[in-house]
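Topology and contacts: notes
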Amino acid sequence: MKNKIKLLIFGSALTLVLAAFAAGLVILFPGAAQMEIKTEKGIREVINFSSMDYPANQMEDDVEWGNPAVESVLNRLVKIYNSKGSEAAAEFASRRDIPFNGDQIKVILDADVSFLPGFPTAINGQSTTNIREASINRAVSVIRTEIERLGGQVEKTHRYLVQCSIGIQSLNELARVSGVRSIRRPFKPVLHATSEGVQKTGALHYHDLTAFKSTGVKVMVLDVGFKGYSDLLGIDLPETVTTHSFKDDGDIEADEVHGTACAEVVYDMAPDAELYLANIYWVSDLIDAIEWAVEQEIDIISYSLGTYWGPGDGTGLENDLAEWAHQNGGIVWVTSAGNAADDHWSGTFNDPDEDGWHNFSGEDELLSFYVPADMGIEYGVDVYLKWNDWGIWDDYYGYSGSDQDFDFYLFKKEGNDWQLVDTSKNRQPQYKWPWESIEGWYSLDDAQWGVAIRKINATKDLFFDLYISTHSRGSLEYNVPEGSLTIPADSPYVIAVGAVDAVGDFYHFYSSQGPTSDGRIKPDICAPSAVSTSDTSYGLRNDTGGFAGTSASCPHAAGAIALLKGKTPFTLEEIKTILYSRAIDMGEPGMDNIFGWGRLNLRRQ
Amino acid sequence: MIKKSKSRWRIRLNLIGLMLIIFCAGLFANSEASGKSMGLGLDAGYVLLSEDNLGNSPAVGLNFFYFLSKQFKVELKAAFIPIKVDNDPEGLSEGNLNMIPTQLSLQYCFKLGQRFIPYIGAGVGYYLNMFSLKNEDEWLDLGFNINEEVDGVFGFHFGAGMDYFIKPNMAFNIDVRYCIANFTGSYTISEEVSGISHSGEIEGKLNHILFGVGIKFLF
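Residues numbered from 1 in each chain as written. Chains lettered and ligands numbered in written order. Predicted model: local features only at pLDDT ≥ 70, side-chain atom pairs only at ≥ 80, totals over all residues.

**Digging into the overall build of chain A**
Spelled out, the test is: Note on conventions: DSSP H or I runs of at least 4 residues are helices, E runs of at least 2 residues are strands, and numbering of each starts at the N terminus. Exposure in this text rests on C-beta crowding, where 20 or more other C-beta atoms within 10 Å of a residue's own make it buried, 12 or fewer make it exposed, and counts in between make it partly exposed. The C-beta atoms are placed from the backbone.
Across its full length, chain A carries 12 helices and 25 strands. Counting across all 605 residues of chain A, residues that qualify as buried make up 51%.

The following block contains the structure:
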């Protein structure tokens, strides 16, 4: 007994000594603290940057800044072109998804009307639509003249947006033109057998019914490519379809089966619908695509694409186009909610230790995630950051922009050390968008990656949304699935569709959740995912897993709307109400931010 | 319900009008065709409809005729024509239309001999229509209540024919007439879960050529 007491006393004393020693270390050497803490997801590292040397105003490849109104990655491209030549610049551009052919670069300009003589210095809400439209047209006209003077070519315009190609040597001069607010890369949308969803939703019961007082229905599947579609005509697609490519090269297939699978699902759901297949490359291609849809008298658009760029409050280019399509063509636009629920973090900027770095939790200033190397597949690693300071939206002038400057860092763990891989350092307010992005990296082996947020010059504590786009398998630290919708799922003029399993009817973990950043409930409905398609696209569910994602759910909903439109005289708005009322309620009673009104259902309940 | 009442009243008015005509005609009756002044006939025929979504159909008929004079006779004819209907989004939906025309004709007979009597004629008629929608039960199972009705309509016709007397009181008859009638109707579809309902009007043509062969008995 005495021995036991002695042992207990000795053990307690030793523990106290060790704890004091550790605490002393932390107090004396706080900067590079790396602790391991155990969470329900496993061992996590806590990274603090206080004592790490990352100069705020310098790029890591030691180049000077160009024009701050130009997206930082484009400035870097110009500098690489000037210092290392065309080939090096082309390689950099390829990795960072910049449309650059060695000499010419494609960019998006935001026009500014404030330089026009006599223009009000503030948008006071009293200008008429005609005045606003005339003002922006004048500004764009001035910019067009300057682009052409510099040897460039305007490709398309839409209100405040100008897309052009110009020599890379002229980019900085273009940024100094009066009327040019900012210059950025064009964005590309990201991607979200007979389908099991046909049986699950009850669509099958309608197929043999003769249409009642319907004059038919036209559905446009808008995607990035329709590889192999011609081999499926008369089998998994209608005998004939109408196609149109809005890509510069006119390639409707574009070596991408995503659109083919979407079209197959629409056909499975609504075999009598007239199908129009259209593909885009840049988000700006949507402008022409939607105009064409209205001309063709399309009833429904199925759009299984999205971006992260925008405040997520139902404003922006895509919402503008959806509203215009609805008002001018009566078009119902159906979109995938996004596959970002497990790849999203959001929160208010938090810097209790005032070292300029955001603390994700406690002292942890690095948000980490794991990317495996599966059987030789190299997964792309793209990360995006935005904050809620987009300013005032005007559908002619765009967003007024942000004056809060934050930077974004990407790290990769090599051995036991975290190595800085890349940065995004757009200079707000000259570069007006509250946005940073790092793309073009690949995970060549099993690795831990991490991102960090740094305040450069900001006076507000803002709310951030951060997305990783890679094969993380739900490993994102401090994951916040709420508010993970992609654009345009936030638009009040689109039907956003979440994903549930086609057989088991359970929530798919990646399906983006609402609410929108202005508090509206989204998605609107959820529909089957992980469904069989032809071998041309994603194959059978039991073999390959089939076609999965909210990309698969979207055409089920679009097809259901098309099915009722093609069989009954109900209007599209009435059909939406019918589908919402028939949806199988899931999750919390009523409409919620995971399932919307519930799982798509065409049977009577 | 209101439409059915209207149909009944139209039939009643039709019959009253017919009786008046016969009464008036009787005042001028002077038939010497065969010493008989009236008769009954049965016929079977084929109907060719002008609208693409209305299928050509067989028909059966019953007629009563009365000679007003040597040349003029009046005929009251009723027929039954079952028509298969293909889907027309702006007209009738897929289903079956049973048309019962009741036609009153005034005919002029040419005296070319004792046995062979051709005639021409024209008249008015009332077309009673009963429509049944295909797949009505299947729609109901899916929670959609559909109702589609076609109204009875008036029309007119003209044509020609021939009676061939095989006996003094029995004749073979061939008759062809072109009938002109437009129809109107309405539909409603309602969805039971949301309660949303949609209704509309329909209209179309029932123009047709009726070929008939039959036999007539005079008394």
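Having put the structure on the table, let's press on.
**Description of the interface of chain B and chain A**
Convention followed: A pair of residues counts as a contact when their C-beta atoms, built from backbone coordinates, are within 7 Å of each other. When residues are grouped by polarity, Ala, Val, Leu, Ile, Met, Phe, Trp, Tyr, Cys and Pro land in nonpolar, Asp, Glu, Lys and Arg in charged, and all others, Gly among them, in polar.
Counting from both sides, the interface comprises 20 residues of chain B and, opposite them, 20 residues of chain A. Contributions of two or more residues to the side of chain B that touches chain A are made by helix 2 (136-141), strand 9 (182-191) and strand 10 (197-205) of chain B. Considering each element in turn, the side of chain B that touches chain A owes the most residues, 3 residues, to strand 9 of chain B. Grouping the amino acids of the side of chain B that touches chain A by side-chain chemistry returns 8 nonpolar, 7 polar and 5 charged.

**Some details on the sheet that holds strand 16 (residues 379-387) of chain A**
Residue and element names in this part refer to chain A. Put simply, the rule is: Strands qualify as paired when DSSP identifies two bridges or more between them. Between N-to-C directions, angles span 0 to 180 degrees; the directions come from axes that are lines fitted to C-alpha atoms, helices contributing only their stretch in contact.
Strand order across the open sheet formed by 4 strands is 14-23-16-21, with antiparallel pairing between neighbours. The outermost strands of the open sheet, each flanked by one partner alone, are strand 14 (344-348) and strand 21 (435-443). Averaged over neighbouring strand pairs, the angle between their axes works out to 10° when direction is ignored. In the sheet, strand 16 pairs with strand 23 (residues 463-469) via 6 bridges, with the strands oriented antiparallel.

**Thoughts on helix 11 (residues 550-567) of chain A**
Filter applied, for reference: Helix span, expected: 1.5 Å multiplied by one less than the number of residues in the helix.
Look at helix 11 of chain A: 26 Å from first C-alpha to last across 18 residues, which is about the 26 Å you get at 1.5 Å a residue. Burial within helix 11 of chain A is extensive, with 18 of its 18 residues counted as buried.

**Examining the domain arrangement of chain A**
Residue and element names in this part refer to chain A. Test applied: A domain assignment, automatic or from a database, supplies the domain bounds used here.
What the domain assignment lists for chain A is domain 1 (72-186), domain 2 (191-340 + 484-582) and domain 3 (342-469). Taking only C-alpha atoms into account, the centre of domain 2 sits 30 Å from that of domain 3. Taken together, the 10 residues of domain 2 in the interface contact 11 residues of domain 3.

**With respect to the environment of Ser-402 of chain A**
Residues and elements named next belong to chain A. Structurally, Ser-402 is set in the loop between strand 18 (398-399) and strand 19 (405-414). The exposure class assigned to Ser-402 is buried, which follows from the 24 C-beta atoms found within 10 Å. Spatially, the C-alpha atom of Ser-402 lies 8.3 Å from that of Tyr-431, the residues being 29 residues apart in sequence. Aside from chain neighbours lying at most four places away, what touches Ser-402 is Asp-389, Trp-390, Gly-391, Gln-428, Pro-429, Lys-432, Trp-433 and Pro-434.

**A short note on the sheet that holds strand 8 (residues 218-223) of chain A**
All names here are of chain A. A sheet is described by the order of its strands in space; here 7 strands give the open sequence 9-10-8-11-13-24-25, paired in parallel fashion. Strands at the two margins of the open sheet, each flanked by one partner only, are strand 9 (242-245) and strand 25 (525-529). Averaged over all pairs of adjacent strands, the angle between strand axes in this sheet comes to 25°, irrespective of strand direction. Pairing of strand 11 (residues 300-303) with strand 13 (residues 332-336), which is carried by 4 bridges, proceeds in the parallel orientation. Looking across to strand 13, one finds that Ser-302 is bridged to Val-334.

**Observations concerning the packing of helix 2 (residues 72-84) of chain A against helix 3 (residues 86-95) of chain A**
Residues and elements named next belong to chain A. The test is simple: Throughout, the term roughly parallel applies to angles under 35 degrees, roughly antiparallel to angles over 145, roughly perpendicular to angles from 65 to 115, and oblique to all others. Put simply, a crossing is left-handed when the front helix is turned counterclockwise from the back one by less than a right angle, and right-handed when it is turned clockwise.
Between helix 2 and helix 3, the least distance of the axes is 7 Å, while the angle of their chain directions is 155°. Regarding the angle of helix 2 to helix 3, the classification is roughly antiparallel. Between helix 2 and helix 3 the crossing geometry is right-handed. The residues of helix 3 that touch helix 2, namely those facing Leu-77, Ile-80, Tyr-81 and Lys-84, are Ser-86, Ala-88, Ala-89, Phe-92 and Ala-93. Residues of the contact of helix 2 with helix 3, tallied by class, amount to 7 nonpolar, 1 polar and 1 charged.

**Structural notes on the packing of helix 7 (residues 258-269) of chain A against helix 11 of chain A**
Residues and elements named next belong to chain A. In the contact formed by helix 7 and helix 11, the axes pass within 8 Å of each other and the chain directions differ by 35°. Handedness of the crossing formed by helix 7 with helix 11: right-handed. Contact residues: His-258, Cys-262, Val-265, Val-266, Asp-268 and Met-269 in helix 7; Ser-551, Ala-552, Pro-555, His-556, Ala-558, Gly-559, Ala-560, Ala-562 and Leu-563 in helix 11. Tallied by class, the residues present in the contact of helix 7 with helix 11 amount to 10 nonpolar, 4 polar and 1 charged.

**Describing the nonpolar core**
Residues and elements named next belong to chain A. Note the following rule: The term nonpolar core refers to a set of buried Ala, Val, Leu, Ile, Met, Phe, Trp, Tyr and Cys residues connected through C-beta atoms within 7 Å.
Judged by nonpolar contacts, the single largest core of 122 residues is most densely connected at Val-219, Val-266, Val-334, Ala-557, Ile-561 and Ala-562. Among the elements that take part in this core, helix 11 stands out by supplying 9 residues, more than any other. Viewed by domain, this core spans two of them, domain 2 (191-340 + 484-582) and domain 3 (342-469), each represented by three or more residues. Among residues more than four places away in sequence, those in contact with Ala-557 are Val-334, Ile-495, Val-497, Ile-525, Ala-527 and Leu-600. Membership of the second largest hydrophobic core comes to 38 residues, among which are Ile-105, Val-107, Ala-139 and Ile-147.

**Thoughts on unusual backbone geometry**
Across residues other than glycine, the phi torsion is negative in most instances, and most of the peptide bonds are trans. Residue Pro-429 of chain A is reached from Gln-428 of chain A by a cis peptide bond, and omega for that bond is 5°. Secondary-structure assignment places Pro-429 of chain A in the loop between strand 20 (417-424) and strand 21. Looking along the chain, the bond that leaves Ile-487 of chain A and enters Pro-488 of chain A is cis, with omega of 10°. Structurally, Pro-488 of chain A is set in the loop between strand 23 and strand 24 (494-501). The backbone of Asp-97 of chain A sits at a positive phi, close to 60°, despite the residue not being glycine. Its location among the elements puts Asp-97 of chain A in the loop between helix 3 and strand 3 (104-111). In the Ramachandran plot, Asn-135 of chain B falls in the positive-phi region, its phi being about 65° despite a non-glycine side chain. Of note, Asn-135 of chain B is situated in the loop between strand 5 (116-133) and helix 2.

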